[in-house]
Amino acid sequence: MFLKITSAFLLLFITLSASYKPVVLIHGIMTGSGSMEIIKFRIKEKHPGTVVYNVNRFESWSSLETMWHQVLEIGLDVANISSKHPEGINIIGYSQGGLVARGIIQTFPNITVDTFISLSSPQAGQYGAGFLHVVFPGLVKETAYELFYSRLGQHTSVGNYWRDPYHQKLYETYNVYLPYINNHIKSKRSKDFKANLLKVKRLVLVGGPDDQVITPWQSSQFGYYDGNETVVEMKNQDIYVEDHIGLRSLDMSGRLHLLTVPGVNHFDWHMNVSIVDDFLLPYLD
């Protein structure tokens, strides 16, 4: 009798463990896979049996390589992972890694994603000194466009999503990444970018007012500055109203989740176990 009960519990444990989808973690700028270990270990602790892939490409200074280069290289890895798990995978991208992750999802049609969690990522762009000083301590935001909106500046990841609200024309002329994956500028891939994002079962956008690096912090939820540096929330942005990449469709179907968490600094999102427990784990199938 005892053996039968033990076997039943063992079978139940294996079944529950196997039910969790694999998770892919993509780190932020100027860091590496080591910075995502707390998230990895907490997921494995709370969801036993979960397979977690912690991307170790483009670490440290190589994280400044162009966004398209990172998207295509890491994307091949993620596509290979997805092929091993046809039932679907979950992706968590932190900071710049969240923008890389979205580029991968929108670019690779053969990736099956259940949940994509963007953890404090500049999804609508970046325009702030706090972020600049992490990588380019000598730059100020008012004149950074002189570097980023040039052929040289577009060879940096930051330049690929720097969005100066006072120099929109230059942004549209020079930026080779963000205006395209946001379908602000139409391209031959525009339909694919939208269709591929609409395949996800759940899009979770996490950010907060005390971030102090992502600027404006609402960019983590597709809000951004207008031409006078006043924040316009996502639902009043063209990208949502005109459904450029499917945000409104995801929202209307209950698949878009905005999580606003106060009191969290940018460098704590991926280092805080309570963030993992409260805002990541509940969305991982």
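The structure contained in this document is the topic of the report that follows. The structure displayed is predicted, hence computed values, not measured ones.

Rules of the game
- Residues numbered from 1 in each chain as written.
- Predicted model: local features only at pLDDT ≥ 70, side-chain atom pairs only at ≥ 80, totals over all residues.
- Heavy atoms only, no water.
- Helix = DSSP H or I, 4+ residues; strand = E, 2+ residues; numbered from the N terminus.
- Buried < 20%, exposed > 50% of the residue type's maximum accessible area, 1.4 Å probe, protein only.
- Axes fitted to C-alpha atoms, helices over the stretch in contact; angles between N-to-C directions.
- Parallel < 35°, antiparallel > 145°, perpendicular 65-115°, else oblique.
- Left-handed = near helix turned anticlockwise from the far one by under 90°.
- Contact = heavy atoms within 4.5 Å.
- Salt bridge = Lys/Arg side-chain N within 4 Å of Asp/Glu carboxyl O.
- Pairing = 2+ DSSP bridges.
- Core = buried A, V, L, I, M, F, W, Y, C linked by side-chain atoms within 4.5 Å.

Structurally, the position occupied by Ser82 is in helix α3 (residues 67-84). Given the relative accessible area of 3%, Ser82 is considered buried.

Below, the discussion takes up the packing of helix α2 (residues 37-46) against helix α12 (residues 273-280). Here α2 crosses α12 at 55°, and the two axes come no closer than 10 Å. Relative to α12, α2 is oriented oblique. The handedness of the crossing between α2 and α12 comes out as right-handed. Packed against α2, whose contacting residues are Ile38, Ile39, Arg42 and Lys46, the element α12 presents Val273, Val276, Asp277 and Leu280 at the interface.

Moving on: the pattern of salt bridges. Oppositely charged side chains may form a pair once their charged atoms are brought near each other. A full pass over the atoms with the stated rule returns 11 salt bridges. Arg57 serves as the salt-bridge partner of Glu73, at 3.5 Å between the closest nitrogen and oxygen. Here Glu73 is found in helix α3, whereas its partner Arg57 is found in the loop between β2 (52-54) and α3, with 16 residues between them in sequence. In this structure, Asp285 engages Arg202 in a salt bridge whose closest nitrogen and oxygen atoms are separated by 2.9 Å.

The strands making up a sheet associate through hydrogen bonds between their backbones, and the pairing can be parallel or antiparallel. Spatially, β2-β1-β3-β4-β5-β8 is the arrangement adopted by the six strands of the open sheet, whose pairing is parallel. Only two strands of the sheet have a single partner each, and these edge strands are β2 and β8 (256-260). For this sheet, the mean angle separating the axes of adjacent strands, direction not counted, is 15°. Sheet topology note: the strand β5 (residues 202-207)/β8 ladder contains five bridges and is parallel. Its bridge partner being in β8, Leu205 is matched across the sheet by Leu258. Set on the sheet, helix α4 (residues 96-107) makes contact with β1 (23-26), β3 (89-94) and β4 (113-119); between it and β3 the angle comes to about 140°.

All right, on to the nonpolar core then. Among the nonpolar cores identified, the biggest contains 56 residues, and Ile91, Ile104, Phe148 and Val158 are the most heavily contacted of them. Here this core takes six residues from α3, the largest share from any one element. Filtering out sequence-adjacent residues up to four positions away, Val158 remains in contact with Ile29, Leu64, Phe131, Phe136 and Phe148. Counting residues in hydrophobic clusters, the runner-up holds 22 residues, among them Leu25, Val204, Leu281 and Leu284.

Burial runs high along β3: six of the six residues are buried. Burial along β3 is two-sided: Ile89, Ile91 and Gly93 and Asn90, Ile92 and Tyr94, pointing in opposite directions, are all buried. Summarising the sheet, β1 and β3 pair through four bridges and their orientation is parallel. Among the inter-strand pairings, Val24 is bridged to a residue of β3, identified as Ile91. Here five bridges tie β3 to β4, and the two strands are oriented parallel to one another. What sits directly across from Tyr94, in β4, is Leu119.

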